[in-house]
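Okay, here's what each chain looks like letter by letter:
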Amino acid sequence: IRIDRVELRRVRLPLVHQFRTSSHAKRELEHIIVTLTSSDGAVGWGEIASPSGPYYSAETVDSCWAVARSFLAPLTLATGWEHPSELAAAMARVRGNHFARAGFDMAAWALWSEASGVPLAKALGGDRARVQAGVSLGIEPTVDDLLEQVALRVGEGYRRVKLKIAPGWDVTPVRAVRTAFPDVPVHVDANGAYPVDEVAVFRQLDHLGLLMIEQPYAPRALVDHAALQAALATPLCLDESVEEVDDLVTALRLRAGRIVNIKVSRMGGLTPAVRAHDLALAHGIPVWCGGMHEFGIGRAANVALSALPGFTLPSDVSGSAKYYARDITTAPVVCTGGWVDVPSGPGLGFTPDVPFLTAGTVAYHQAP
Ligand code: OSB
Ligand code: MG
């Protein structure tokens, strides 16, 4: 396969409900949609779902735009491949910049699976017809606001609720949710907000029957995660710590956590995400698919990935309606009773709504 056109679109969508994490708040998202067209006319869509600011990882929409234009688009135009993993191998020459690379890798998988007449999930090695969906809830102004959000999502059938925590917003809101919804599986995510000498808060959370505690410390603090994991009964889950498959190798060796959140964007695409899944599965470590508030294209890739056998925990692949009043695909990802169907047709299984996409486009680049 030879790609002879790369298109990049910066697209903005407003969120239906503001989302606040330990590091920042957002009401509107800008993602970059990647379109690859092959010399025989096959088309693949991908999404670069980087946050605007460098608070989750080092990347920003501007850094992704620059790297995509100057390095990834020329590299993609210059590389012939039979399988998407070959393009991923060529892109691995670019250090870091995982969100940017993920958009191209995803588009290559979408193009290849559609051209091969195979559903993307099947091409990746997945065989589930539907996947379990959880929701991720941001930090709310008050505990009552949070309880209202939990009630809304539990009422919609979501199978697990993840609560963002931060110093000053942890034991009290989490205990309130556990008390009001004793039967709902709950997990917490700190996005690395706690100093490594903070153990007391996690000892208290350890008594609340949580499914897991996600990323308590900074990304590189793997040794400290291992020490905390040894002190707690609740599994730790790593998110920001695992950018490379090699990070997962280190984390497994150190026993820095018992669960891994695999994100297509954070790892640089579906190719490394599948490798991380295979490694975790071989070590008996359960995984789930995390989200970055993806629009419909990135969300479709997350749904496909979640069909792999190691994804035994509910993923953050909520229905599109949790985030957007209208999504960029002609039909949105829908969650019914806590489940999201995995498309059975070839490729991504979702079609971009090009007029709507164009209406939301604030910058466009085409190469060559
Ligand atoms: O840590 O999982 C995270 C969103 C932005 C940055 C980091 C994270 C998140 C989420 C959103 O939790 C999950 C979703 O897409 O629903
Ligand atoms: Mg997280």
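Values in this document were obtained by computation on a predicted structure and should not be read as measured data. Along each chain, residues carry numbers from 1 onward, in the same order as the chain's sequence is written. Naming scheme: in the order in which they are written, chains are lettered from A and ligands are numbered from 1. Local features in a predicted model are, by the rule used here, given only for residues with pLDDT of at least 70; side-chain atom pairs are given and counted only at 80 or more, and totals for whole chains, interfaces and linings are based on all residues.

1. Here's the deal with the overall build of the protein
Filter applied, for reference: Secondary structure elements follow DSSP: runs of H or I no shorter than four residues count as helices, runs of E no shorter than two count as strands, and numbering proceeds from the N terminus. Throughout, radius of gyration means the C-alpha value; the globule benchmark is 2.2 Å times the number of residues raised to the power 0.38. Counts of 20 or more other C-beta atoms within 10 Å of a residue's own C-beta define buried residues, counts of 12 or fewer define exposed ones, and intermediate counts define partly exposed ones; C-beta atoms are placed from the backbone. Contact criterion: two residues are in contact if their C-beta atoms, reconstructed from the backbone, are within 7 Å.
Assigned secondary structure in the protein consists of 13 helices and 13 strands. Since a compact globule built from 368 residues should have a radius of gyration of about 21 Å, the 19 Å found for the protein is in line with a globular shape. For the protein, the spread of C-alpha atoms along the principal axes amounts to about 60 × 40 × 35 Å. Residues counted as buried form 52% of the 368 residues belonging to the protein. The long-range share in the protein, meaning contacts at least 24 apart out of those at least 6 apart in sequence, stands at 71%.

2. Thoughts on the nonpolar core
Going by this rule: As used throughout, a nonpolar core is a set of buried Ala, Val, Leu, Ile, Met, Phe, Trp, Tyr and Cys residues joined through C-beta atoms within 7 Å of each other. Segmentation into domains, and thus their bounds, comes from an automatic or database assignment.
Counting 105 residues, the largest nonpolar core has V260 and A304 as the members making the most contacts within it. The element contributing the most residues to this core is helix α3 (residues 98–115), with 11 residues. Split by domain, the residues of this core number at least three in each of domain 1 (3–117 + 353–367) and domain 2 (122–341). Not counting chain neighbours up to four residues away, the residues in contact with V260 comprise C237, L238, V242, L248, A276, A280, I285 and V287.

3. Let's talk about the environment of D278
Relative to the helices and strands, D278 is located in helix α11 (residues 270–282). Overall, the presence of 15 C-beta atoms within 10 Å leaves D278 in the partly exposed class. A C-alpha to C-alpha distance of 33 Å links D278 and Q204, two positions 74 residues apart in sequence.

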